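# Observations on chain architecture
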Amino acid sequence: MNGALAAIVAPGFFASAPVQVAAAVGALVALVSGTVGVFTVIRGQAFAGEALGDIGTTGESGAFLVGVGPLWGLAGVAVAAAAVMELIGIQRPRGRDLATGIVLGAGLGLAALLLYLYNVDHSASGATFTILFGSPFAISSSTIPLVVAFAVVALGLMLALFRPLLLSSVSPELAAARGIPVRLVGGLYLLALAAAVALAAFTIGTILSTALLVGPAATALRLTRSPARALLAAGLIGVGAMWLGILMAYDSYDWPPAGHGWPVSFFVVTLILLGYLLAGIRHGRRRRDGGRRSSTLRTTALERPGD
Amino acid sequence: MTDDRSDGRGSQLLSVERVSVSLAGREVLRDVSFEIRAGEFTGLIGSNGAGKTTLFRVILGLQAASEGSVLVGGRPRSRRNPMIGYVPQKFLLDPDTPLRTRDLVGLGLDAHRFGVALPSRTRRARIDAMLEAVDARGFADQRVGNLSGGEQQRALIAHALIAAPRLLLLDEPLANLDLRSGHEVVALLARIAREQQIAILISAHEMNPLLGVMERIVYLAAGRAASGTTQEVVRTSVLSALYGHHVDVLRVHGRVLVVAGEAGELADTSDPAHTQTQVEIIS
């Protein structure tokens, strides 16, 4: 029994300081991403989340170039990009993708320049890899207070806005009729999204941050029916994938090519995908039972006359 | 139409006074006036594009009137007016959206509040009672995105009613229901109006499903309105004046047909059956 455990959990895993920091930061980040992500999926803003993460590349490479903390660069650019998206028109369904696409393109162009400048200066490509694909084991314990602060902001916003945000997300019309300031609520949600994406990009890399944001949330939506339970489930699924991913990455030091652990992000993202597919098997069975009803609803919805 | 009713039933709840609305240079509503009293069942009848949804948006305070005013309970309406409940026409949810019928009803209770709703026995009891009142207990734990059209209407009615409004606005609730579900929703609304003394304003492009329960009618055509009892409004002289040309009102087996003599002028292209005949059935 102990032998089997030792084969799974390599000796020294729990005692390793980088592992402890990665596990603590990773869990907090996964919790934030999962809860914020449920609303990203309900609101159909996965593309905006993806874009904020990608644009984080600009912020993080800028931070490397100037020499400030990468998390500040990520968050600063994500919040600025979210504000620009909001101004261009993310609140309109059709303006949403356009606003996101325009901001994304501009941001990535700038990222290309900043990364070029940094690499010319430092003749090292390690930074590019870290920015794009993340490296939880390289997180310095001194950034923990900042991670906690960002997590508190994002989780605090989600808890405070939960009810008005939920109604605004399922029906802006109903929310507006009740006097909920739909646009303000949507703007504050974008702020929470920017914080969540910055944290995820910091931990598993800018281009993989969407996986942590959308994956556990989409899985949770397949498993639960109530909104509060979906938030909880998404957070827990994210934490589970993160911890298991860290464990497997630690084990992978012994895998070929030996001595160079595989990227944590690879394991985390793969586990999230597996979880989503597994949830789909269960969900598909349930959906077939009630499939007839939802398909008739869709047909009638299409025939609905406009006034 | 004049609004001098002597029966004195209920106090004046909603007063729309000479409201005109222009959208993008086009006059959508012109000089629309009517009143609604407590517990009254009123039908807002008009073809597609007659301005029904715009009128609702004005009453809800989501659209400013270019002229005229809307009084709720005798006062100019405020942004968040708990006296008015609203059931929208379009409510499309993905079946994956984690929102059960009871969650939607719960949001009707306290969606404007900050924070997460803490589960409590009284809250649950209120939601259960509301679900019971609209015969929605059977699908209380189903996702709203999986409900049939009629079930979804009842869930939305419960969402609006649990906030205890005095006036309930329903935007084309029968538009995508089969006859039976439509009849059930109408009967439910009539019961609510009677038992709880809640005024109901329901928009529809077809008045016949509402004839049995409608106490008053607001007939919209070309942005203008006539209001009163069905007998007062649905007459050849009144509707001809409203449309600005001659229309005939025919009563056949307890159903009302509004027929325009000249086809084409008022072509209601939303229903191909109408355009095939030479007469134009407006409502």
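Everything that follows concerns the structure shown earlier in this document.
Described in the following lines is the structure provided in the data block. None of these values were measured; they are calculated from a predicted model. (Residues numbered from 1 in each chain as written. Chains lettered and ligands numbered in written order. Predicted model: local features only at pLDDT ≥ 70, side-chain atom pairs only at ≥ 80, totals over all residues.)

Here we take up the sheet that holds strand β8 (residues 199-204) of chain B. Residues and elements named next belong to chain B. An order of β6-β7-β8-β3-β9-β10 is seen for the six strands of this open sheet, with the pairing classed as mixed. Looking at the sheet topology across the chains shown, the edges are occupied by β6 (84-87) and β10 (224-228). The mean inter-strand angle of the sheet, taken between neighbouring strand axes irrespective of direction, is 15°. Across four bridges, strand β7 (residues 167-170) lies against β8 in parallel orientation. Each bridged residue has a counterpart across the sheet, and for L169 the counterpart in β8 is L201. Of the strands in this sheet, β3 (41-45) and β8 touch helix α5 (residues 179-196), which is tilted by about 155° from β8. (Pairing = 2+ DSSP bridges. Helix = DSSP H or I, 4+ residues; strand = E, 2+ residues; numbered from the N terminus. Axes fitted to C-alpha atoms, helices over the stretch in contact; angles between N-to-C directions. Contact = placed C-beta atoms within 7 Å.)

Residues and elements named next belong to chain B. Where strand β1 (residues 12-23) meets strand β2 (residues 26-37), eight bridges bridge the pair, whose relative direction is antiparallel. Across the sheet, residue L14 finds its bridge partner in β2, namely I36. Between the end of β1 and the start of β2, which pair antiparallel, lie two residues, with A24 showing a positive phi angle near 50°. Of the pairings in the sheet, the one linking β1 to strand β4 (residues 67-72) comprises five bridges and is antiparallel in character. Residue V16 lies in a different strand from β4, and its bridge partner there is V70.

Residue and element names in this part refer to chain A. Structurally, I131 is set in helix α6 (residues 126-133). For the pair I131 and F64, spaced 67 residues apart in sequence, the C-alpha separation works out to 9.5 Å. Dropping the residues within four chain positions of it, I131 is found in contact with T57, E60, S61, G205 and T206.

Function cannot be read off these values alone, since they describe shape.
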